Amino acid sequence: MTMAKTGEAGLVKAGGIFRRQIFIPIAALLALILFNLITDPSFFAINYSLNSAGDPVLSGYLITILDNASELAILAIGMTLVTAASGGQDISVGAAIAISGSVVLRVLCGDNPRPDEMQASILTAFLISCVVSMLFGAFNGALVAYFNIQPMIATLILYTAGRSIAAWINNNRLPIISDPSFGYFGSFLPGIPIPTPIFIAIICMIIIALVLKFTTLGLYTQAVGINPNSAKLNGINPSFIKFITYVIMGLCVAVAGFIKVTRFSTINYSVVALDIEMDAILAVALGGNALSGGKFSMASSILGAYVIQFLTTTLFKFNVSSSALPAYKAVVVIILVVLSAPTVREKLGKLWKNLQHARLGKEAA
Amino acid sequence: MKAVVDKKTRRLAPMSDTNLLLTITIVVFFAMYLAAMLFIGRGFLRVQTFFNILNENAALIILSCGMSIVMIAGGIDISVGKLTALICMSAAVNLDYQGGSVMSAIFLSLAIGLAFGIVQGALVAFLDIQPFIVTLAGMFFAKGMTTIVNSTQFNVQNEAFVALKNTRIYIPFLGSVNRRGVFVPAYVEIGVVVAIVTVIVLFIMLRWTKLGRSLYAVGGNPQSANMLGINVKKTRFLSHLLCGLLAGIGGFVYFLHVGSGAPSHATGAEMNAIASSIIGGTMLTGGVGNIIGTFFGVLSLSTIKNIVSLLGLDDAWWTNITVAAMICIFLVVQSVVLLRKNKRS
């Protein structure tokens, strides 16, 4: 909310666009789109064809990006709140996704790793995994909020143990669900040509937008992130706000884990959502949010998540092998963060101002 | 354990945060090792077990020292693990495919580490970018570059290197008698000597040099450090440079221990280094920490891993869960002790 105001004020001033927070992800997105337009315009083609199940579906790189970025966008929501409130990041989300996915499969499969029919309804499984994930979120939150442990270190515990716990939940077996209705959530609902994860991500975004608009969560989170002591003097309970952001993070993890597990109808504990925490933190940083907490812009973070997926898909299209991918990603990330560094951005803003002054001077003459 | 510490704090009047956390770490390490000797016996009674812990963790000790320095200065470096893998691979390729010598491999390792340190330090210090993001990019870069240099695992055949790798330094008067009644002297590898020298040099550096004191000051409170006339940017830059250089040394020591190059080397080493630093009493918020503590942090971490595997809980998940539980207990104890101390004063 505050961001929007400062943003509007910034627009009035010449060169303000460079100081608006959402400038960074938008500029990055435009640069990527331009790059793809120049090298190969067919990147943007969207085909309408039948998939293996005989349903007409949309396919194309753009759809792939929107589809695959769903988990990341949902995680970016939680990560933004956690970062803003506690000034640190949750590095356990990848491991926590393994746990929540494992719980879903455990509930659906029971003791038999290859059941012919599911032992419980999908909704029950999802709700139970939500509760479990929120409990783990609460564990992280309690360490951070009530024991005053730095977030990265507190979540290091779950990061270390998470995948082992996930394996332990299913007795280290790899359950597979053959029921096609389970796969609807990770691919396509019959008759709808758009991948379901896109809808799930949009629902999450609408919910968080409504929550930020109609509750004081956003305001309190920023107040606690900027200065916990003055927030306390104003009657906010900083520990509780920090705690609650971690519980929300747990909920986001449950949704993302549910999508991940329905994509394949199975789970691989050691590689599912590997390194996704790094991408989620990157999304928050690309959105121009300070990783030290305080003010945040939810829209920028979510856009940041899509930029990362856009970049990944672009690199894949250019036949970069998946193991060499991180090196290219790193170069792009470094260019982006250097461009968005405060000192560099100030200089860019000044340059813009000077250009406009020069133009005005010419017109006057 | 807590009672011991409390008694100490009362008798010695207020201890600094650094010393208090260091005391906890050392007490816990010795208590744990003693308990293992008493209740598990077997391997833990042999002197070589202790030196094997050192042999296996020499590289981690050096990496953790670098991590502690960056953390004391208020930053973080999560690139060291993948950087180690990159250094192993580059040194291996240099030795076997490019006809390099051991000296050239050492220079290459140090150069790669230093280059990472300089670039990351410059981005963090002079462009004010958050260290987490810069080193995250560094981690991605090192990860990708490793497979670009060479994508498969291979063992180094270079004779001079293999000879150096197999060099054992025997410890006088220490050792154990094996089943046949023959006395087997205890030994360490060259890497351990490098690690111990590094720890001593860094301990002296942090305690008695201007740079060392500046690191604490900058990590504790950059504004007041600035008012004291300390060049904050330069100090931050140097902390990352040192960490990069130490990653170079640590990377070569790791290479010397495993003797091969592989993209999967040193996976998770950055998290182990962070965990060791934390157990050793370094705080992520900066300004608090001790190299000796870090050294004992590494030893504690690997001792608990050894205990778990000797207890027969060899299922892969138990090690991780125990390590996590141990980090958890340490953190909570530290937090409770510091909270109580701050309340009292």
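Note that the structure is a prediction, hence the values are computed from the model and not measured.

**Q** Before we go on, may I ask you to explain the overall build of chain B in this structure?
**A** If you tally the helices and strands in chain B, you get 14 helices and four strands. Relative to the globule expectation of 20 Å for 345 residues, the C-alpha radius of gyration of chain B, 21 Å, shows essentially globular dimensions. Over its C-alpha atoms, taken along the principal directions, chain B stretches across nearly 60 × 55 × 40 Å. Each of the 345 residues in chain B was classed as buried or not, and the buried ones make up 55%. Intrachain contacts of chain B at a sequence separation of at least 6 include 75% that bridge at least 24 residues.

**Q** Is there a simple way to explain the overall build of chain A in this structure?
**A** Regarding its fold elements, chain A presents 16 helices and two strands. Against the globule reference of 21 Å for 365 residues, chain A gives a C-alpha radius of gyration of 22 Å, in line with a compact fold. With respect to the three principal axes, the spread of C-alpha positions in chain A is 80 × 55 × 40 Å. Across the 365 residues of chain A, 51% fall into the buried class.

**Q** Looking at this model, I keep getting lost on the side chain of Asn-150 of chain B. Mind explaining?
**A** All names here are of chain B. Structurally, the position occupied by Asn-150 is in the loop between helix H6 (131-149) and strand E1 (154-155). With relative accessibility at 13%, the residue Asn-150 sits in the buried group. Look past the residues within four positions of Asn-150 in its chain and what remains in contact with it is Met-89, Val-93, Tyr-97 and Pro-263.

**Q** For this particular structure, what's the right way to read the interface of chain A and chain B?
**A** Interface size is commonly expressed as the accessible surface area that is lost when the partners come together. Each partner contributes to the interface: chain A provides 45 residues, whereas chain B provides 38 residues. Overall, the association of chain A and chain B removes approximately 3600 Å² of surface from exposure, summing both partners, and the carbon and sulfur fraction of that is 82%. At the surface where chain A touches chain B, the tally comes to one salt bridge. The residue Lys-143 of chain B makes a salt bridge to Asp-275 of chain A at a minimum N-O spacing of 2.7 Å.

**Q** Is there a simple way to explain the pattern of salt bridges in this structure?
**A** Here the idea is simple: oppositely charged side chains can pair when their charged atoms come close. Residue and element names in this part refer to chain A. For the structure on display, the rule yields seven salt bridges over all chains. As a salt-bridge pair, Lys-317 and Asp-40 come within 2.8 Å of each other at their nearest N and O atoms. With a gap of 277 residues between them, Lys-317 in helix H14 (residues 298-317) and Asp-40 in the loop between helix H2 (23-39) and strand E1 (47-50) connect regions that are remote in the sequence. Because the salt bridges share partners, they merge into one network encompassing Asp-67, Glu-71, Lys-260 and Arg-263.

**Q** Help me understand helix H12 (residues 269-279) of chain B, please; the structure alone is not making it clear to me.
**A** Because each turn of an α-helix spans 3.6 residues, side chains separated by three or four positions in sequence point in the same direction. With 10 of its 11 residues buried, H12 of chain B lies for the most part within the structure. In the segment just after H12 of chain B, Gly-281 of chain B is the residue with positive phi, at about 95°.

**Q** Mind showing me how you'd approach the nonpolar core here?
**A** It is characteristic of soluble globular proteins that their nonpolar side chains tend to be buried jointly. Counting 184 residues, the largest nonpolar core has Leu-75 and Phe-182 of chain A together with Ile-78, Phe-132 and Ile-274 of chain B as the members making the most contacts within it. In terms of residue count, helix H3 (residues 47-72) of chain B provides more of this core than any other element does, 15 residues in total. The contacts of Phe-182 of chain A, once residues within four sequence positions are left out, are Val-104, Leu-105, Leu-108, Met-118, Ile-122, Ile-177, Phe-258, Val-261, Thr-262 and Ser-265 of chain A. Within the second largest apolar cluster, 14 residues are counted, among which are Met-89, Val-93, Phe-252 and Leu-256 of chain B.

**Q** Is there a simple way to think about helix H5 (residues 102-126) of chain B in this case?
**A** Its 25 residues give H5 of chain B an end-to-end C-alpha distance of 35 Å, which sits within 8% of 36 Å, the value for a rise of 1.5 Å per residue. Within H5 of chain B the residues assigned to the buried category are Val-102, Ala-105, Ser-109, Ile-112, Gly-113, Phe-116, Gly-117, Gln-120, Gly-121, Leu-123, Val-124 and Ala-125 of chain B. Along its buried surface, H5 of chain B packs onto helix H15 (325-340) of chain A together with helix H4 (80-96), H6, helix H7 (159-165) and helix H11 (232-258) of chain B. Among the residues trailing H5 of chain B, Asp-128 of chain B stands out with phi positive, at a value near 60°.

**Q** Please explain the packing of H3 of chain B against H11 of chain B as it appears in this structure.
**A** For any two helices packed against each other, the geometry comes down to the angle between their axes and how far apart the axes lie. Residue and element names in this part refer to chain B. Where H3 meets H11, the axes come as close as 8 Å, and the angle between the chain directions of the two elements is 175°. For the element pair H3 / H11, the angle class is roughly antiparallel. In this structure, H3 contributes Asn-55, Glu-56, Ala-58, Ala-59, Ile-62, Leu-63, Cys-65, Gly-66, Met-67, Ile-69 and Val-70 to the contact, and H11 contributes Ser-239, His-240, Leu-242, Cys-243, Leu-246, Ala-247, Ile-249, Gly-250, Val-253, Tyr-254 and His-257.

**Q** Explanation requested: the packing of aromatic side chains in the structure shown.
**A** Each pair of aromatic rings is reported with the distance of its centres and the angle of its planes. Evaluated as defined, the whole model comprises 23 aromatic pairs over all chains. With a centroid separation of 5.3 Å and 80° between ring planes, the pair formed by Tyr-33 of chain B and Phe-44 of chain B is classed as edge-to-face. Residue Tyr-33 of chain B is found in helix H2 (residues 17-40), and its partner Phe-44 of chain B is found in the loop between H2 and H3; the two are separated by 11 residues along the sequence. Classification of Phe-44 of chain B by relative accessible area gives buried; the value is 1%. The ring centre of Phe-318 of chain A lies 5.0 Å from the NZ or CZ of Lys-317 of chain A, which sits over that ring.

What counts, and at which threshold
Residues numbered from 1 in each chain as written. Chains lettered and ligands numbered in written order. Predicted model: local features only at pLDDT ≥ 70, side-chain atom pairs only at ≥ 80, totals over all residues. Heavy atoms only, no water. Helix = DSSP H or I, 4+ residues; strand = E, 2+ residues; numbered from the N terminus. Rg over C-alpha atoms; globule rule 2.2 N^0.38 Å. Buried < 20%, exposed > 50% of the residue type's maximum accessible area, 1.4 Å probe, protein only. Contact = heavy atoms within 4.5 Å. Buried area = accessible area lost by both parts, 1.4 Å probe. Salt bridge = Lys/Arg side-chain N within 4 Å of Asp/Glu carboxyl O. Core = buried A, V, L, I, M, F, W, Y, C linked by side-chain atoms within 4.5 Å. Expected span 1.5 Å × (residues − 1). Axes fitted to C-alpha atoms, helices over the stretch in contact; angles between N-to-C directions. Parallel < 35°, antiparallel > 145°, perpendicular 65-115°, else oblique. Phe/Tyr/Trp six-rings, centres within 6.5 Å; stacked < 30°, edge-to-face > 60°. Lys NZ or Arg CZ within 6 Å of the ring centre and 35° of its normal.

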